[in-house]
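Working through the structure, step by step
Spelled out, the chains give:
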There are 2 protein chains.
Amino acid sequence: MDTAFSIRFEPDGQVYEASGPVEVFLAAAARGILIEQPCGGTGTCGKCRVRVIDGAPPPSESDRHLLEPQEIDAGWRLACHLQLDRPARIEVPSAARSAAGKSFGGALDLAGRRRVVRVRMLEVPSASSGNQESDLDRVAATQGLARRAITASPAALAELRTLLATGPRVRAALQGDELIATFPPPAASCFGLAVDIGSTSLAAALVDLSCGEVAASASRLNPQVVFGADVISRIHYAAEHAGGAARLTSAVRDGLGAIVDELVKAIGCTRFDVVAAACAGNPTMIHTWAGVDPAPLGIAPYVGTWSGEIDCRAAQVGLPIHPNARVYAFPMIRSHVGADAISAAVACDLDRVSRPTLLIDLGTNSEAVLAEGGRYLAASAAAGPAFEGATIRHGMRAAPGAIDAVAITGDGRVSVNTIGGLPPAGICGSGLVDAIAELLRVGAVAPSGLLAAAEEGGRHWPDGLGARLKPVNGQRAFILADQSSSASGEEVVLTGPDVRQVQLVKGSILAGVTILCGHFGIGVADLGAILLAGAFGNYLRKTSALAIGLVPAIDPERVRFVGNAAGVGARLALVDQDARARAHAIASDAEYVELASHADYQQIFMRSLAFPEGRKGG
Amino acid sequence: MDTAFSIRFEPDGQVYEASGPVEVFLAAAARGILIEQPCGGTGTCGKCRVRVIDGAPPPSESDRHLLEPQEIDAGWRLACHLQLDRPARIEVPSAARSAAGKSFGGALDLAGRRRVVRVRMLEVPSASSGNQESDLDRVAATQGLARRAITASPAALAELRTLLATGPRVRAALQGDELIATFPPPAASCFGLAVDIGSTSLAAALVDLSCGEVAASASRLNPQVVFGADVISRIHYAAEHAGGAARLTSAVRDGLGAIVDELVKAIGCTRFDVVAAACAGNPTMIHTWAGVDPAPLGIAPYVGTWSGEIDCRAAQVGLPIHPNARVYAFPMIRSHVGADAISAAVACDLDRVSRPTLLIDLGTNSEAVLAEGGRYLAASAAAGPAFEGATIRHGMRAAPGAIDAVAITGDGRVSVNTIGGLPPAGICGSGLVDAIAELLRVGAVAPSGLLAAAEEGGRHWPDGLGARLKPVNGQRAFILADQSSSASGEEVVLTGPDVRQVQLVKGSILAGVTILCGHFGIGVADLGAILLAGAFGNYLRKTSALAIGLVPAIDPERVRFVGNAAGVGARLALVDQDARARAHAIASDAEYVELASHADYQQIFMRSLAFPEGRKGG
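Cut-offs and rules
Residues numbered from 1 in each chain as written. Chains lettered and ligands numbered in written order. Predicted model: local features only at pLDDT ≥ 70, side-chain atom pairs only at ≥ 80, totals over all residues. Heavy atoms only, no water. Helix = DSSP H or I, 4+ residues; strand = E, 2+ residues; numbered from the N terminus. Rg over C-alpha atoms; globule rule 2.2 N^0.38 Å. Buried < 20%, exposed > 50% of the residue type's maximum accessible area, 1.4 Å probe, protein only. Contact = heavy atoms within 4.5 Å. Lys, Arg positive; Asp, Glu negative; His and termini not counted. Charge placed at Lys NZ, Arg CZ, Asp CG, Glu CD. Least-squares fit on C-alpha atoms with pLDDT ≥ 70 in both. Axes fitted to C-alpha atoms, helices over the stretch in contact; angles between N-to-C directions. Parallel < 35°, antiparallel > 145°, perpendicular 65-115°, else oblique. Left-handed = near helix turned anticlockwise from the far one by under 90°. Nonpolar A, V, L, I, M, F, W, Y, C, P; charged D, E, K, R; others polar. Core = buried A, V, L, I, M, F, W, Y, C linked by side-chain atoms within 4.5 Å. Buried area = accessible area lost by both parts, 1.4 Å probe. Salt bridge = Lys/Arg side-chain N within 4 Å of Asp/Glu carboxyl O. Polar contact = N/O pair within 3.5 Å; in protein donor to acceptor, adjacent residues only side chain to side chain. Pairing = 2+ DSSP bridges. Phe/Tyr/Trp six-rings, centres within 6.5 Å; stacked < 30°, edge-to-face > 60°. pLDDT = per-residue confidence, 0-100.

1. Examining the overall build of chain A
Of regular secondary structure, chain A possesses 17 helices and 28 strands. Computed over C-alpha atoms, the radius of gyration of chain A comes to 26 Å, within 12% of the 25 Å expected from 2.2 N^0.38 for 618 residues, which places it in the range of a compact globule. Projected onto its principal axes, the C-alpha coordinates of chain A cover approximately 100 × 75 × 45 Å. The buried share of chain A, reckoned over its 618 residues, is 59%. For chain A, the share of sequence-separated contacts (at least 6 apart) that also reach a separation of at least 24 residues comes to 65%. A distance of 3 Å separates the average location of the 54 positive side-chain charges in chain A from that of its 62 negative side-chain charges.

Okay, structure coming up:
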């Protein structure tokens, strides 16, 4: 019996030829389409919904639980529970797959920096009876160095010899006392690869090693998302599936490989022109990328396999750049304060601040480092993936169609902005914060977190606002976009439980900050600066973040968004040897504060839950 | 048309299935039978002769030139010019393929030595809420080291994690500040691989890293011999054949791989138990092994690609031991005084001698280092492959059947000893030196190098001797073994030209030594010691070496054979960090003396040619 059939994915038009029953998310992944599974494929978050245009099978129990009957009729199914054994055509909406772009910072002054990789155009004199130094020793001499002062791997030696056979001019990339790679004379650039391995997005930039500028950058969904939205679900995946850890490793390495391909194509170089790499990422990401089982990071006492720098060859971590290139990964402080936090701390000069400065990387796992005068306290708060869209009814990532800003006018009219100006498809993190800030301001969300109902006793809402405060499926909700304006033809709403989710995140972050400040011996008000890092921070409005209390109540002037600081730190580590030394020093000097084990944690957390009082009628 | 046919090699019984016309030496190599081609396959040395028992093709021009008609009739052909297009049965005699064994030295006292690799049985406490150090940092703590004081490659980290998941006891191999490898608890040994990459033989030993003892050693023909007997012919092969350098690399790496297989089988460990390697070899061997084109070593100004140490991973040089193992290769002085000479210098403590000491590595390329009080002069003399059997009519390597000792009694009777007590098949280096020493003593070889003829005017030879001094093919010759006693049924002879060959070697070595001593400001008689290294030295009789003047005329007590000193040095570099530091210092401090460019070289060489006066009638 012939059991072969085709699955076509829309709007890509990619076709997967199945030879038997197949999981849809695997078939999609095989065609380069990554469907996220924030809950780890347990059928509980509903974020992996796809629409089966032709050939929809009967709904699963999870489908019936999480989808509306009319959605099921229209062909919507949860990809995580969707297995097919016959031809189908499936639409994978962007909400299920997009990744936000990340920046690696702007201009960079390299003057006076001790360079990591020195790219030099050399004129290597030919050997002669008067100069019988070896090839490598003659290279050393061009740099004013003694015989044997430069070393090289066998492959680099072979490369050098091949090149010198054609002429005396070579372009050389040197790192420390090592000749990493050599190239034929045309004076082209050599690049370093700055990598930010995020749980959600992988981002990388090619940095021109001669000037430190970003020649190209790109990001894409971390292919690991198919194994779970956050690090915890991926760790569980690794722990519970034979070969799971290896699959996580392949996924993230494949993703990085695809980015490298994209980047080198974009600027017209080859992968051999990329002669160094520096990586930032949280401990789970760095462990899985290095090929190390992350399982222990997920169970008490949450301890990783190492904490120092990695300095290895590209070939050792399957990174498709020059195989001899040295790959650096930042050190970590503890299992949940990782190479990304250290990288960001370097980028933000936390080792040079003279007033207490708090760096918070807002993400699924939020990490905070409080620093002053060479003292560092670090903590991590499992904020959960609310700001990434998971656990929020209509949550989505900062992708086209996502509501990223919300304003309520005096007469109760609501205006929303969407990324790309598309009809609203859902709400992303910054939209959530905005919406709640606005609802707090007009009193529709109470400091306790309660979302008001239209018919609330004695309360008169402006007409437009009252109509939007209506229950959905028995839950209080606020209509952000009605059926006529939304992308799906369904209302896009913010529910009471959504507000609670944000409140929990805000509470855990504020509690963490409070405890960190207490350990440091200062009050929250003593903070000289709060630096908000992470892609999410880029889209956030400072006033809204302060309004909902996501950030401690200090002078807004002292709150700064520092963008993808981890990525900027990785870029620095490519061009500035001292950035690596500083990272080492920060990691060595930092003290880790275990929030959950703090005696008063519960009390402080409960106290941190309340939203600030809104400015009534403002 | 079916062109397939079989070639059977004897006495192995190995069968090669050809699909078309094939070079016999390649077919043999494909079946693991390595036929040497000392002249590089140019059809000029005649050493690759094999006997085609069935299916002999017509003789080639080279066959007719180098073989006797009756040999051709018997099926003998030169393998280098033998192509077959039909079934055949071919005998490959041991003279065409054997390799001599090499020793890696005896007992070694490791007390007080700073070890290169530390093998430790560790009890790594589990992580707990009271000890949240990472796995690697807890390993460091067992060694009294601080957090992040030990580093590890990604693969080693993965290995460590996998192991700690099963229990707290691990066996760890540490090198410097790096964790190289970890193993399950059973307290077995870890090994280092000492490698001596000789032009002719590859030799390697597994050294127990806990005690420094040799657990097993083995040697085999360097598979590169099929591309030429000496380094010069191999360099030419690399220079003149596309892909030739790569073929040399594969050959030597394959050969080392086969030795590793043999060794680990011999002691019942696995290749993963071999966690370090140290290599000695001449510059051409080290270049080709590292994958670097050796061509520049063969043309003026004879300059290599590097001169320092190599310190890389096993995987980078295709060595099938633990892929994370670090592989060390000794530094070189110059293109023809290489890692083998430095290794031998360390083994012989040349940096600790208080009287002028001369180390000579007798081989195809003889290298000499003269040392005293931290001053080193090095030189190399292209002695040629006479002592390996090439260029000598019945020359062969020190393999079973080779005449390795010769004595002439007072009544003119000649007794020869052969390796393994077999019927004489040829004569090896030590036999040559012995034979000439004896002939000098009885006056049958003049100090000028002239071999006497039986009918020499007025000269009366004892009967036995006179009968042996008879021309062969128009050349003066001395019969070492007659037809009735020899292996082939043909006489084994020493010819006048053979004596000249040895004289040239002796002359070039003595000239080198004379020039070195002159540079050093001493006379040859001031030498406190002469150390003879190399496999060949092991078989040499000291009195004979002195008698023919191969060694300067000093008190025989001051002449010492030090065996495979390069191999012993490699073994030291596995267990003694200071051996590496000493090698570095010797290579740095050594001065290279270019013999050929010495103003008086020709004159000194000519003067060095004469043999010492024999003790007449002794």
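2. Quick word on the relation of the copies chain A and chain B
Between the two copies, chain A and chain B, the superposition gives an RMSD of 0.1 Å; the rotation angle is 180° and the shift along the axis is 0.0 Å. Both chain copies can therefore be described as sitting about a two-fold axis. When you check the interface residues of chain A against chain B, 100% turn up at the interface there too, and the contact is symmetric in its surfaces.

3. Regarding the packing of helix α9 (residues 339-347) of chain A against helix α16 (residues 577-589) of chain A
All names here are of chain A. For the pair α9 and α16, the least separation of the axes is 9 Å and the interaxial angle reads 120°. Relative to α16, the element α9 lies oblique. For the pair α9 and α16, the sense of crossing is right-handed. Residue-level contacts link I342, A345 and V346 of α9 to A579, R582, A583, I586 and A587 of α16. A breakdown of the residues in the contact of α9 with α16 according to their chemical character gives seven nonpolar, no polar and one charged.

4. A short note on the nonpolar core
With 107 residues, the main nonpolar core has A:L193, A:W289 and A:L319 as its most contacted residues. In this structure A:L319 touches A:L193, A:L256, A:V260, A:A277, A:A314 and A:V327, once residues within four positions along its chain are discounted. Counting 106 residues, the second largest nonpolar core, distinct from the first, contains B:V264, B:M285, B:A533 and B:A566.

5. Quick notes on the interface of chain A and chain B
Each partner contributes to the interface: chain A provides 44 residues, whereas chain B provides 45 residues. When the buried surface of chain A facing chain B is broken down by residue, A:Q132, A:R148 and A:P154 rank first, second and third, together holding 23% of it. On inspection of chain A and its partner chain B, the count reaches zero salt bridges. In this structure, the connection of chain A to chain B is made through 20 residue pairs in polar contact (both at pLDDT 80 or more). When residues of the side of chain A that touches chain B are traced back to their parent elements, those giving at least two are α4 (135-142), α5 (154-164), β16 (310-313) and α16 of chain A. Broken down by element, the residue count for the side of chain A that touches chain B peaks at five residues, all from α5(A). The class makeup of the residues in the side of chain A that touches chain B is 19 nonpolar, 14 polar and 11 charged.

6. Considering the sheet that holds strand β21 (residues 402-408) of chain B
Residues and elements named next belong to chain B. The strand order across the open sheet built from three strands is β22-β21-β23, with neighbouring strands paired in mixed fashion. Each edge of the open sheet is held by one strand with a lone partner, namely β22 (414-418) and β23 (426-427). Pairing of β21 with β22 involves five bridges; the strand directions are antiparallel. Note on β22: the bridge partner recorded for V406 is V416. Across the sheet, helix α10 (residues 429-441) lies against β21 and β23, angled at about 15° from β21, the strand it touches most.

7. Things to note about the packing of helix α6 (residues 231-240) of chain B against helix α7 (residues 244-267) of chain B
All names here are of chain B. In contact at an axis separation of 6 Å, α6 and α7 are set at 130° when each is read in the N-to-C sense. Relative to α7, the element α6 is oriented oblique. Residues R234, Y237 and A238 of α6 touch α7, and the partners they reach there are G244, A245, R247 and L248. Tallied by class, residues from the contact of α6 with α7 come to four nonpolar, one polar and two charged.

8. Description of helix α5 (residues 154-164) of chain B
Most of α5(B) is tucked away, with eight of its 11 residues classed as buried. For α5(B), the complete set of buried residues consists of B:P154, B:A156, B:L157, B:A158, B:L160, B:R161, B:L163 and B:L164. For α5(B), the elements touching its buried residues are α8 (283-290) and β16 of chain A together with α4 (135-142), β9 (151-152), β10 (169-175) and β11 (178-183) of chain B.

9. Details of the packing of aromatic side chains
If you walk through the whole model with that rule in mind, you get six aromatic pairs over all chains. Aromatic side chains A:F227 and A:Y237 sit 4.5 Å apart centroid to centroid with 40° between the ring planes, which places their arrangement in the tilted category. Of this pair, A:F227 sits in the loop between β14 (214-221) and α6 (231-240) while A:Y237 sits in helix α6, and the two are 10 residues apart along the sequence. Each ring, one from B:Y601 and one from B:F605, has its centre 5.9 Å from the other, and the planes form 10°; the classification is stacked. Of this pair, B:Y601 and B:F605 both sit in helix α17 (residues 601-609), four residues apart, which is roughly one turn of that helix.

10. Some remarks on the sheet that holds strand β22 (residues 414-418) of chain A
All names here are of chain A. Sheet architecture is open: three strands sit in the order β22-β21-β23, paired in mixed fashion. Both outer strands of the open sheet, β22 and β23 (426-427), are each paired with one neighbouring strand and no more. Bridge count between strand β21 (residues 402-408) and β23: two bridges; the pairing is parallel. In the strand pairing of β23, I403 is matched with I427.

11. Regarding the confidence of the model for chain A
Residues and elements named next belong to chain A. When the pLDDT values of chain A are averaged, the result is 89; 94% of them are 70 or greater. Ranking the elements of chain A by mean pLDDT puts helix α13 (residues 535-539) last, at 65, and strand β17 (residues 326-329) first, at 98. Among the scores for the predicted complex, ipTM is 0.79 and pTM is 0.80.

12. A look at unusual backbone geometry
The step from A:A300 to A:P301 runs through a cis peptide bond, and the omega angle for that step is 0°. Examined against the element boundaries, A:P301 turns out to sit in the loop between α8 and β16. Look at B:Y302: it is not a glycine, yet its phi comes out positive at around 55°. Within the secondary structure, B:Y302 is located in the loop between α8 (283-290) and β16 (310-313). Notably, B:D349 is not glycine yet its phi reads approximately 55°, a positive angle. Structurally, B:D349 is set in the loop between α9 (339-347) and β18 (357-361).

13. Overview of the side chain of A:E438
Residues and elements named next belong to chain A. With respect to the helices, strands and loops of the structure, E438 is situated in helix α10 (residues 429-441). Residue E438 is classed as buried on the basis of its relative accessible area, which comes to 12%. Setting aside anything within four residues of it in sequence, one finds E438 in contact with V406, A407 and I408.

14. Some remarks on the side chain of A:R468
Residues and elements named next belong to chain A. Secondary-structure assignment places R468 in helix α11 (residues 463-468). At 5.8 Å, D482 is the nearest oppositely charged side chain to R468, a buried residue that forms no salt bridge. Engagement of the side chain of R468 in a polar contact is seen with the backbone oxygen of I479, the distance being 2.6 Å. There is a polar contact of 3.2 Å between the side chain of R468 and the backbone oxygen of L480. Not counting residues up to four positions away in its chain, the partners in contact with R468 are V414, A477, F478, I479, L480 and A481.

15. Brief notes about the pairing of strand β26 (residues 529-533) of chain A
Residues and elements named next belong to chain A. With five of five residues buried, β26 lies mostly within the body of the structure. Neither face of β26 is open: one carries A529, L531 and A533, the other I530 and L532, and all of them are buried. As defined by bridge partners, strand β18 (residues 357-361) adjoins β26 across five bridges and the pair is classed as parallel. Among the inter-strand pairings, I360 is bridged to a residue of β26, identified as L532.

16. Focus on the pattern of salt bridges
On inspection of all chains with the given rule, the structure shows 50 salt bridges over all chains. Among the salt bridges present, the one from A:E438 reaches A:R441, with a minimum N-O distance of 2.8 Å. Note that A:E438 and A:R441 are positioned in helix α10 at a spacing of three residues, about one turn of the helix. Where B:E91 meets B:R51, a salt bridge forms, and the shortest distance between an N and an O atom there is 3.1 Å. Taken together, the residues B:E91 in strand β7 (residues 88-91) and B:R51 in strand β4 (residues 49-54) connect sequence positions 40 residues apart. A relative accessible area of 25% means that B:E91 is categorised as partly exposed. The network of salt bridges with shared partners includes A:R8, A:E10, A:D54 and A:R89.

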